[in-house]
Amino acid sequence: METDCTRGEAPVNNAPIGPVSPTGRLAALPAGTRLLHIGPHKTGTTAIQGALFAAKDELPEHGVEFPATTRHPMEAALAACARPAMMGDTVPTEKHWTRLLKQVEATGSRTSVISSEFFADAPDDETVARIVEQLGGERVHVLVTLRPLARIMPSQWQQYVQNGLRMGYEDWLEHMLRKAPYEKPNPSFWRRHRHDRLVERWIRAVGADRVTVVVVDDRDRDGLMRTFEALLGLPEKLLHPVPDTANRSLTLAETEMLRNLNVEFRGNGLPDELYSKLVRNGAVMHMKNSCSPTAADVKISTPDWAVEAAGRIGAEIVERIGAMGVRIIGDPTLLHALPAIPAQPGPPAVEARIAPEVAAQALYGALAAAASAPVRHTAEPKSRTVHQTSSKELVRVLGHRCLKKLRRR
């Protein structure tokens, strides 16, 4: 297997990398641009959003605004794209999008930057065109950040598991890569990650001259920060990574624990709202914040056949994007180069087992989330004792009672 992924010197199909300023730095976009960063997912979006939000108060000194009250205006992007919320979360409404539009409008003639990977979920050309028009029409410049599919797939799978997916990794890969029409169980995957089609959709709304594609190089940890600084005309090293343990990927053992919990959760017919409160924002969030992966933890491993398939698709993506006339920053060949460290061809040599302390933190997170809802004692008549009730029914009753308390809150 070819594993060389050294940096290339020239872009594919002679796609433009400039313009470059007289100092050799990438030239800034015109003042007053509304830079729309659409992701997609797993391409450094959280890191850049955190850095921009942390520098929010310093940006205006340099003619730039970050028009959002949170690091990531996810609800606004979901509403704009008419997409559902995460499993069990409150459904975003048009008011979320309207609020963001008002914040963008308040920046006036200054440069502004809006970032959400959920813009990549826009379902059709009409939605894309409406988003662009409402954000400022000809002032909008679209920025797409890309990473190799082989690196995106394991990270995206575990993220889907955090939203209730019950399918194992290799089975999921079979569905995404080998089972047409490649839409089950996650139709959003290829809408986000068939990157050539993603770029093409946004070109139809703004034109190739107002689309920039940035190839993220995982070997250059600060490269994305420096690119955003240059495009926005900011001083170098103004943007800094912000530690965010809540955004870390799960290990294989953690993901498998959660996946099996998802099976039980669905099998017992518990409501989605309970999953959001107790599982994703309770158990998983506390586990990620309290436990850091170690060298002994087994990582999610992609089989060779899937890595090679991702490489072939990546080559098609690079060829098509290279012919679109958009500005490309970075080395496009990275998008189809095979990983330097070959993926394991089968199950990991060491069985993935969840550490007792990690399981304890997850359980505590769920308990703490449940305890945060006020408990109201009511005298409910009992027609049967606990010992006369099946364990499955007990779980279902407990779930509905917890949900009832959450809704009262």
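Preceding this paragraph is the structure being described.
Parameters and conventions
Residues numbered from 1 in each chain as written. Predicted model: local features only at pLDDT ≥ 70, side-chain atom pairs only at ≥ 80, totals over all residues. Heavy atoms only, no water. Core = buried A, V, L, I, M, F, W, Y, C linked by side-chain atoms within 4.5 Å. Buried < 20%, exposed > 50% of the residue type's maximum accessible area, 1.4 Å probe, protein only. Helix = DSSP H or I, 4+ residues; strand = E, 2+ residues; numbered from the N terminus. Contact = heavy atoms within 4.5 Å. Polar contact = N/O pair within 3.5 Å; in protein donor to acceptor, adjacent residues only side chain to side chain. Pairing = 2+ DSSP bridges. Axes fitted to C-alpha atoms, helices over the stretch in contact; angles between N-to-C directions. Parallel < 35°, antiparallel > 145°, perpendicular 65-115°, else oblique. Left-handed = near helix turned anticlockwise from the far one by under 90°.

Caption draft 1: Main features of the nonpolar core. Counting 108 residues, the largest nonpolar core has Trp97, Phe119, Ile131, Trp172, Trp202, Phe228 and Val326 as its most contacted members. For this core, the leading source of residues is helix α12 (residues 304-322), giving eight residues. Once residues lying within four places of it in the same chain are set aside, the contact partners of Trp97 are Ala76, Ala79, Ala80, Phe119, Arg130, Ile131, Gln134 and Leu135.

Caption draft 2: Representation of the side chain of Thr302. As for its placement among the helices and strands, Thr302 is situated in the loop between α11 (272-290) and α12. Owing to a relative accessible area of 6%, Thr302 belongs among the buried residues under this scheme. Side-chain polar atoms of Thr302 contact the side chain of Tyr169, separated by 2.6 Å.

Caption draft 3: Structural view of the sheet that holds strand β6 (residues 327-329). If you trace the six strands from one edge of the open sheet to the other, you get β2-β3-β1-β4-β5-β6, paired in parallel fashion. The open sheet terminates on both sides in strands that have one partner only, identified here as β2 (64-65) and β6. As judged from the four bridges shared by strand β1 (residues 34-37) and strand β4 (residues 140-146), these two strands associate in the parallel manner. Counterpart to Arg34 in the pairing with β4 is Val140. Contacting β1, β3 (111-115) and β4, helix α1 (residues 45-54) crosses the sheet at an angle of about 140 degrees to β3.

Caption draft 4: How the structure looks around the pairing of β4. In terms of burial, β4 is largely enclosed, as seven of its seven residues are buried. Residues Val140, Val142, Val144 and Leu146 of β4 are buried on one face, and the alternating residues His141, Leu143 and Thr145, pointing to the opposite face, are buried as well. Sheet analysis places β4 next to strand β5 (residues 211-215), joined by five bridges and oriented parallel. Bridged to Leu143 within β5 is Thr212.

Caption draft 5: How the structure looks around unusual backbone geometry. Here the amide bond leading from Gly39 into Pro40 is cis, since omega sits at 10 degrees, within 30 degrees of zero. Looking at where Pro40 falls in the secondary structure, it is placed in the loop between β1 and α1. Backbone torsion omega between Lys184 and Pro185 reads 5 degrees, so that peptide bond is classified as cis. Assignment of secondary structure puts Pro185 in the loop between α6 (169-177) and α7 (188-193). A positive phi angle is found at Ala82, which is not glycine, with a value near 55 degrees. Here Ala82 shows up in the loop between α2 (74-80) and α3 (94-105). In this model, Lys237 sits at a positive phi of 65 degrees, which is unusual for a non-glycine residue. On the secondary structure map, Lys237 appears in the loop between α9 (223-232) and α10 (252-267).

Caption draft 6: Region of the structure containing the packing of α1 against α9. Contact geometry of α1 with α9 gives a least axis separation of 10 Å together with a crossing angle of 55 degrees. Taken together, the axes of α1 and α9 lie oblique to each other. In the packing of α1 onto α9, the handedness of the crossing is right-handed. Where α1 approaches α9, its residues Ala47, Ile48, Ala51 and Leu52 are matched on the opposing element by Leu224, Met225, Phe228 and Leu232.

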